[in-house]
Amino acid sequence: MSSVPHAESYYAASANDKVERPQLADNVEADICIIGAGYTGLSTAIHLLELGFSVTVLEAARIGWGASGRNGGQIVNSFSRDIDSIEKTVGKESGKLFGEMAFEGSRIIKELIHKYNIQCDLKEGGVFAAINPKQMGHLEAQKALWEKHGHMGHLELLDGKGIRSVVDSERYVGGLLDKSGGHIHPLNLALGEAHAVESLGGKIFEDSAVIKVEQGDNPVVHTAKGSVKAKFVVVAGNAYLNGLMPQLQAKSMPCGTQVVTTEPLSDELAASLLPQDYCVEDCNYLLDYFRLSGDKRLIYGGGVVYGARDPADIEAIIRPKMLETFPQLKDVKIDYTWTGNFLLTLSRLPQVGRIGDNVYYSQGCSGHGVTYTHLAGKILAEAIHGQATRFDAFASLPHYPFPGGHMFKIPFSAIGAWYYTMRDRLGI
Ligand SMILES: Cc1cc2nc3c(=O)[nH]c(=O)nc-3n(C[C@H](O)[C@H](O)[C@H](O)COP(=O)(O)OP(=O)(O)OC[C@H]3O[C@@H](n4cnc5c(N)ncnc54)[C@H](O)[C@@H]3O)c2cc1C
């Protein structure tokens, strides 16, 4: 039995398997050692193995134990800051490259699901729901921007009547449907990817926290009971890395977000809430996100705790949000509640780079990580294989410190979020 079990979530309770991998208890070698078995680590592993490298993955807890096994399951295209703001930072030419990559993460997920026959309740279609006319204006601009970058044919603006036909809530004035988005059971996706890694000859060790990375021509990655000597290391610990690589901690902040899952709904109630079975997220700065599970529960998430303290009563935080959207659920029971951490950066863009020549990292996708992490895995694998154009584009994004430094970054960020939440509430 692993010493660090999965969070007690609906996903852990409905996982396809509970197979435990061994703990690393030996000194071994591999071309690449990956730290962390979330989507970043697993996608990197699959892409490297497909290129013919040998790979060992070390996971402190269980496969998908971090955000990858606990998230809202929403496959959201583009990045946490959109292509236009990236373009302002990196210029037009490189901005075009980001535009081309903006929908690749969701394609990678769907390719992996089909290629490796991963059973994770994939459903097509995601909706961005506008709460006020200002947000609707942003969605119109977002559609135009994405289409300008070639993402045509699967985006549809929804007016007031249109949004009511996909979400039975009076909160929204309109929306944007992305038929190339969708949703999945996130832990089952991670577990399926782990099986894919193993089917390609990769090794995964659980309960094997990395305690030290010894850099050099052939870096050595140490756990309490063993080590991996490698040509390259990929650090994919994201919000759970703690103090392992202090240089990666300095310009990012772990944040908690909470999710609840209802009891199974009747077929009629489920079909009335979300008739097309799309996932939905609203356009607020601190957004709500929800969808139906494979067995017709409502999975509803929202809220952010800066600094990632675990709230004592998650239902008390999320249930009022859920009832604001769906008052018709007032008598429905909540079966599961949990919290998980994502990694926020000041720019809300991921941090990608190298430490020395052969230690690579990607972290900090700031909320919308399901698609980005899969793209990141492909890009890290390409870079290690010697094609670094796309890696270099991500690595050129600046990493900023949070205002207030180590002491005050949490209260400063909370004040910033309060300001944006007030603007959302007032629709300005
Ligand atoms: C509650 C919640 C809801 C979310 N909802 C969505 C959503 O609906 N859509 C979306 O796009 N994004 C969502 N996100 C964000 C998304 O889940 C993450 O961005 C993404 O899963 C990050 O993947 P990762 O592999 O980088 O990190 P993680 O999945 O967190 O994996 C990191 C792994 O590294 C391991 N690790 C850390 N340190 C060490 C070490 N020293 N040694 C060995 N292993 C180590 C950890 O144990 C962990 O398993 C959500 C996040 C949360 C928390």
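Everything numeric in this text was worked out from a predicted model, so none of it was measured.

### Some remarks on the overall build of the protein chain
Part 1: Across its full length, the protein chain carries 14 helices and 17 strands.
Part 2: Considered along the principal axes of its C-alpha atoms, the protein chain spans approximately 60 × 50 × 45 Å.
Part 3: Counting over 428 residues, the protein chain shows a buried share of 51%.

### Considering helix H2 (residues 39-50)
Part 1: Its 12 residues place the ends of H2 16 Å apart at the C-alpha level, agreeing with the 16 Å of an ideal helix rising 1.5 Å per residue.
Part 2: Within H2, 11 of the 12 residues are buried, which leaves it mostly tucked inside the rest of the structure.
Part 3: Of the residues making up H2, those classed as buried are Tyr39, Thr40, Gly41, Leu42, Ser43, Thr44, Ala45, Ile46, His47, Leu48 and Leu49.
Part 4: At the exit of H2 stands Gly52, carrying a positive phi of roughly 100 degrees.

### Section: the environment of Pro327
Part 1: Relative to the elements of secondary structure, Pro327 occurs in the loop between helix H11 (314-325) and strand E15 (334-344).
Part 2: Between the alpha carbons of Pro327 and Ala141 there is a distance of 31 Å; along the sequence they are 186 residues apart.

### Structural notes on the pairing of strand E4 (residues 123-130)
Part 1: Within E4, 7 of the 8 residues are buried, which leaves it mostly tucked inside the rest of the structure.
Part 2: Two strands pair when backbone bridges link them, and E4 and strand E6 (residues 174-183) are joined in this way by 7 bridges, in the antiparallel orientation. When the sheet's bridge partners are listed, Lys123 is paired in E6 with His183.
Part 3: Both E4 and strand E12 (residues 279-282) contribute to a ladder of 4 bridges, which runs parallel. By the bridge assignment for E12, Ala129 is matched with Asp282.

### As for the pairing of E15
Part 1: Of all 11 residues in E15, 8 are buried, a share of seventy percent or more.
Part 2: Relative to E15, strand E11 (residues 253-262) is paired through 10 bridges, and the arrangement is antiparallel. Residue pairing across strands places Val260 opposite Thr337, the latter belonging to E15.

### Looking at the domain arrangement of the protein chain
Part 1: Taken domain by domain, the protein chain holds domain 1 (10-70 + 187-249 + 347-397) and domain 2 (126-183 + 253-344 + 409-428).
Part 2: Using only C-alpha atoms to locate each centre, domain 1 and domain 2 end up separated by 29 Å.

### Observations regarding the site of the ligand
Part 1: Lining the immediate surroundings of the ligand are 44 residues, of which Gly36, Gly38, Gly66, Gly72 and Gly369 lie closest.
Part 2: When grouped by side-chain class, the residues that make up the shell around the ligand number 21 nonpolar, 21 polar and 2 charged.
Part 3: Mapping the shell around the ligand onto the domain boundaries places at least three of its residues in each of domain 1 (10-70 + 187-249 + 347-397) and domain 2 (126-183 + 253-344 + 409-428).

### Quick notes on the packing of H2 against helix H12 (residues 370-384)
Part 1: At a minimum axis separation of 7 Å, H2 and H12 run at an interaxial angle of 40 degrees. Accordingly, the angle class assigned to the pair H2 and H12 is oblique. The crossing of H2 and H12 is right-handed. Along its contact with H2, which presents Tyr39, Thr40, Ser43, Thr44, Ile46, His47 and Leu48, the element H12 presents Val370, Thr373, His374, Ala376, Gly377, Lys378, Leu380, Ala381 and Ile384.

### Brief notes about unusual backbone geometry
Part 1: Look at Asn238: it is not a glycine, yet its phi comes out positive at around 45 degrees.
Part 2: Phi is positive for Arg348, close to 65 degrees, though the residue is something other than glycine.
Part 3: Here Arg348 lies in the loop between E15 and strand E16 (351-355).
Part 4: What makes Arg348 partly exposed here is the crowd of 16 C-beta atoms within 10 Å.

Definitions and cut-offs
- Within any chain, residue numbers begin from 1 and follow the written order of that chain's sequence.
- The model is predicted, so local features are restricted to residues of pLDDT at least 70 and side-chain atom pairs to those at 80 or more, both for listing and for counting; the totals for chains, interfaces and linings are taken over all residues.
- A run of H or I in DSSP becomes a helix once it reaches four residues, and a run of E becomes a strand once it reaches two; helices and strands are each numbered from the N terminus.
- Counting other C-beta atoms within 10 Å of its own, a residue is labelled buried from 20 upward, exposed at 12 or fewer, and partly exposed in the gap between, with every C-beta atom placed from the backbone.
- Each residue after the first adds 1.5 Å to the expected span of a helix.
- Strand pairing is assigned whenever DSSP identifies at least 2 bridges connecting the two strands.
- Note that the domain bounds reflect an automated or database-derived domain assignment.
- Placing a C-beta atom from the backbone of each residue, we mark the residue near a molecule or strand if the atom is within 6 Å of it.
- By the convention adopted, Pro, Cys, Tyr, Trp, Phe, Met, Ile, Leu, Val and Ala count as nonpolar, Lys, Arg, Asp and Glu as charged, and the other residues, Gly among them, as polar.
- Fitted lines through C-alpha atoms give the axes, limited to the stretch in contact for helices. The angle between two N-to-C directions lies from 0 to 180 degrees.
- Angle categories: roughly parallel below 35 degrees, roughly antiparallel above 145, roughly perpendicular from 65 to 115, and oblique for all the rest.
- Here a crossing is called left-handed whenever its near helix is offset anticlockwise from the far helix by less than a right angle, and right-handed whenever the offset is clockwise.
- Once C-beta atoms have been placed from the backbone, residue pairs whose C-beta atoms lie within 7 Å are recorded as contacts.

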